[in-house]
Amino acid sequence: GAVVMSGTLLAQKPSSDDSNYSLEGMINYSDAGFEWNAPNLRMRYFINDNIAARVQLGLNSTSGTTNVYEAAGDGTGTVDQTSMGWSLGLGAEYHLAGTDRLSPYFGAGIQFGSDSYTEEWDNGARDDQNYSYVMDNTAEVNTSSSTFGFIIGAGVDYYIVSNVYLGLEMGFGFGTTTDNGGTADVNGTSSDIDAAGSASGMSIGGGNMGFRIGWRF
């Protein structure tokens, strides 16, 4: 006789006896459509069917150039801005029984990281959001900051096929950003930029908003 396998059976969530690890990324939706939020990766290790430890790595980098022009002449200049950052999160999850496909959980963790910013002027200048042409004006500004915070929340994994799931997580977070100061070199004259101190804040919804897609293995 024929053997029939249902979609529910194929999508059944795995046991920690067979699949201790999961690897996932995040997908966001914007006006441009679905966007892969990478590199932002999370790995989990399932100690048993209820308890998992997790580590999350995030990287970001942005850069841009603003062209400036002489008001009454042919002079041109540029203002280049570059920022880079990384974050590392460590945490744990407690998974409830759920269903064959659904794995709800509670989680908590800490996160820390660092950001750096570089700005370079070549025949240009910037004052807040005002960019201008300044002949023979050159500068390089470097600043950095560090972050630390924690989050508690709840989430759910839904297995769409065997060992592949979609997830959503929401939570409450608290974080502190510390300005580390930096240096500025304007037309060959160097100076230090004093640190501006720290700022703290709370958030509801958490930094993990968006759909996650993962693989259990």
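Here the structure is a predicted model, which means the values were calculated and not measured. Numbers given for residues are sequential positions, taken from 1 along each chain in its written order. Where local features are concerned, this predicted model is filtered to residues with pLDDT of at least 70; where side-chain atom pairs are given and counted, the filter is 80 or more; whole-chain, interface and lining totals use all residues. No hydrogens and no water enter the side-chain calculation; it runs on all heavy atoms of the structure.

Describe the overall build of the protein, with residues and values.
Counting from the N terminus, the helices are DSSP H or I runs at least four residues long and the strands are E runs at least two residues long. A count of helical and extended segments in the protein gives 1 helix and 10 strands. Counting from the amino terminus, helix and strand elements in the protein follow one another as α-β-β-β-β-β-β-β-β-β-β. The proportion of buried residues among the 217 residues of the protein is 29%. Counting every atom, the protein has about 12700 Å² of accessible surface; 58% of that belongs to carbon and sulfur. Throughout, exposure labels follow a simple rule: accessible area from a 1.4 Å probe, protein chains only, divided by the maximum for the residue type, with under 20% read as buried, over 50% as exposed, and the rest as partly exposed. Per-residue and other accessible areas were derived by the Shrake-Rupley procedure at a 1.4 Å probe size, with only the shown protein chains allowed to occlude residues.

Please provide a residue-by-residue account of the pairing of strand 8 (residues 189-193), values included.
Counting buried positions along strand 8 gives 0 out of 5 residues, so the element sits mostly on the surface. Sheet analysis places strand 7 (residues 164-186) next to strand 8, joined by 5 bridges and oriented antiparallel. Counterpart to Val-186 in the pairing with strand 8 is Thr-189. By this definition, two strands are paired if DSSP reports at least two bridges between them. The hairpin turn running from strand 7 into strand 8, its antiparallel successor, is 2 residues long, and Asn-187 in that turn takes a positive phi close to 50°.

Run through the pattern of salt bridges, naming residues and quoting values.
Put simply, a salt bridge is a Lys or Arg side-chain nitrogen that is within 4 Å of an Asp or Glu carboxyl oxygen. According to the stated counting rule, one finds 11 salt bridges in the structure shown. The salt bridge partner of Glu-169 is Arg-54, with a shortest N-O separation of 3.0 Å. Of this pair, Glu-169 sits in strand 7 while Arg-54 sits in strand 3 (residues 51-69), and the two are 115 residues apart along the sequence. Of the two residues examined, Glu-169 and Arg-54, each falls in the buried class.

I'd like a description of the confidence of the model for the protein, backed by residues and values.
Looking at the protein, the pLDDT average stands at 88 and 87% of residues meet or exceed 70. The pLDDT score gives, residue by residue, the confidence of the prediction method on a 0 to 100 scale. Of all helices and strands in the protein, the one with the weakest mean pLDDT is helix 1 (residues 7-10) (49), whereas strand 8 scores best (97). Every residue in residues 1-9 is under pLDDT 50, and counting partners more than four places away or in other chains gives 3 contacts. Residues are treated as being in contact if the distance between any of their heavy atoms lies within 4.5 Å.

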